[in-house]
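# Coordinate inspection notes
For reference, the chains in residue letters:
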Amino acid sequence: MDDTTPDDRAADAPGGRRPAPRVLVRRTLPTEPAVRGSASLFMTEAGAQGVRPGRQMLHVGPEPAAGHIAEALRVAPGTDVLARRKLLLADDVPVRIATSFFRLDVFGGTPICAPGFVTPTLQAGIEALGHRFGHAEEYLVARPATASETGTLRLDPGEWVVRIVRAAYGDDGTPVHVLETICAASRHVFPIAQVTGADEF
């Protein structure tokens, strides 16, 4: 979805030249359960918004946990965890890098470690191993993109990203799934829904 008009985009271009359209996709917070449980959160969201979604698996394997990921998974920083990283595209434009992190002492040697996409869904794969959802914590941080993120998302120098980290825990409190999503800030809007009956004027 593009919230700008052709005249807006032409005015922003040097010399009045029309740049490539800016792709805007929505990332609703908190995520609706039906969307999160679908085959792909992004593919479902983007398809409903009228953009053509795509995804590419970038990496599946162990890697040292950064501090914020280690904290969410309740392991020491630098501990090897399983990372499943993919690039998400809208109308062939890269918009997000999404990485799922799992503790190897919980998920090592399971189908979650296999290369490629988990079928029928990652949610189903987690539940098949006996885990039941308890609660989740989600937060956002806006910051300048790193050099790696700039290259992967094809950003201009100095562009910012929004990092969303969602830590999900089982009904027994076990850290089950940490999802880190790096969103190109200029290509996203973030609708935030209030819970019915829990707000005031």
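About the cut-offs
Residues numbered from 1 in each chain as written. Predicted model: local features only at pLDDT ≥ 70, side-chain atom pairs only at ≥ 80, totals over all residues. Heavy atoms only, no water. Helix = DSSP H or I, 4+ residues; strand = E, 2+ residues; numbered from the N terminus. Buried < 20%, exposed > 50% of the residue type's maximum accessible area, 1.4 Å probe, protein only. Contact = heavy atoms within 4.5 Å. Areas by Shrake-Rupley, 256 points an atom, 1.4 Å probe, with all protein chains shown as cover. Core = buried A, V, L, I, M, F, W, Y, C linked by side-chain atoms within 4.5 Å. Polar contact = N/O pair within 3.5 Å; in protein donor to acceptor, adjacent residues only side chain to side chain. Pairing = 2+ DSSP bridges. Axes fitted to C-alpha atoms, helices over the stretch in contact; angles between N-to-C directions. Salt bridge = Lys/Arg side-chain N within 4 Å of Asp/Glu carboxyl O.

From N to C terminus, the protein chain includes seven helices and eight strands. Residues classed as buried in the protein chain amount to 42% of the 201 residues present. Sequence-distant contacts in the protein chain: of pairs separated by 6 or more residues, those separated by 24 or more amount to 57%. On the protein chain, roughly 10,600 Å² of surface is accessible, and the fraction owed to carbon and sulfur atoms is 55%.

Looking at the element boundaries, L87 is found in strand β3 (residues 80-90). On the accessibility criterion, L87 (7% relative accessible area) is buried. Along the primary structure L87 and M57 are separated by 30 residues, whereas in three dimensions their C-alpha atoms are 6.4 Å apart. Those residues in contact with L87, other than ones at most four positions away along the chain, are G54, R55, Q56, L58, P94, R96, I97, T152 and L153.

A few words now on the nonpolar core. Among the nonpolar cores identified, the biggest contains twelve residues, and these are A65, I69, A70, A72, L73, V81, A83, F101, V165, A167, Y169 and V178. Taken together, the elements giving at least two residues each to this core come down to α4 (67-73), β3 and β6 (160-170). The element contributing the most residues to this core is α4, with four residues. Among residues more than four places away in sequence, those in contact with A70 are A65, V75, A76 and P77.

This paragraph deals with the side chain of S100. Note on placement: S100 falls in strand β4 (residues 93-103). The buried category is assigned to S100, whose relative accessible area is 3%. A polar atom in the side chain of S100 sits 2.8 Å from the side chain of H177. If we ignore the near neighbours within four places in the chain, the residues touching S100 are L82, A83, R84, L122, H177, V178 and L179.

Glancing now at the sheet that holds strand β2 (residues 53-64). Spatial strand order, β2-β3-β4-β7-β6-β5: six strands in an open sheet with antiparallel pairing. Edge positions in the open sheet fall to β2 and β5 (133-144), since each of these has one partner strand only. For this sheet, the mean inter-axis angle between neighbouring strands, taken without regard to orientation, is 15°. Inspection of the sheet shows β3 paired to β4 by ten bridges, in the antiparallel sense. When the bridges of β4 are listed, V81 appears paired with R103. Against the sheet, helix α3 (residues 41-48) engages β2, β3 and β4, with an angle of about 160° to β2.

To continue, consider the side chain of R84. Within the fold, R84 resides in strand β3. There is a polar contact of 2.3 Å between the side chain of R84 and the backbone oxygen of G116.

Only a minority of non-glycine residues have a phi that is not negative, and only a minority of peptide bonds are not trans. Note the cis peptide between T119 and P120, where omega equals 0°. Position of P120 among the secondary structure elements: in the loop between α5 (104-107) and α6 (122-128). Even without being a glycine, D91 presents a positive backbone phi close to 50°. By secondary structure assignment, the location of D91 is in the loop between β3 and β4. Of note, D92 is a non-glycine position whose phi angle comes to about 70°, a positive value. Turning to its location among the elements, D92 is positioned in the loop between β3 and β4. With a relative accessible area of 53%, D92 lands in the exposed category.

All right, on to the pattern of salt bridges then. Scanning the model with the defined rule gives five salt bridges in all. For the salt bridge of R103 with D105, the shortest nitrogen-to-oxygen distance reads 2.7 Å. Taking the relative accessible area as the measure of exposure, R103 reaches 17% and is therefore buried. In this structure, a network of salt bridges that share partners links the residues R52, D91 and D92.

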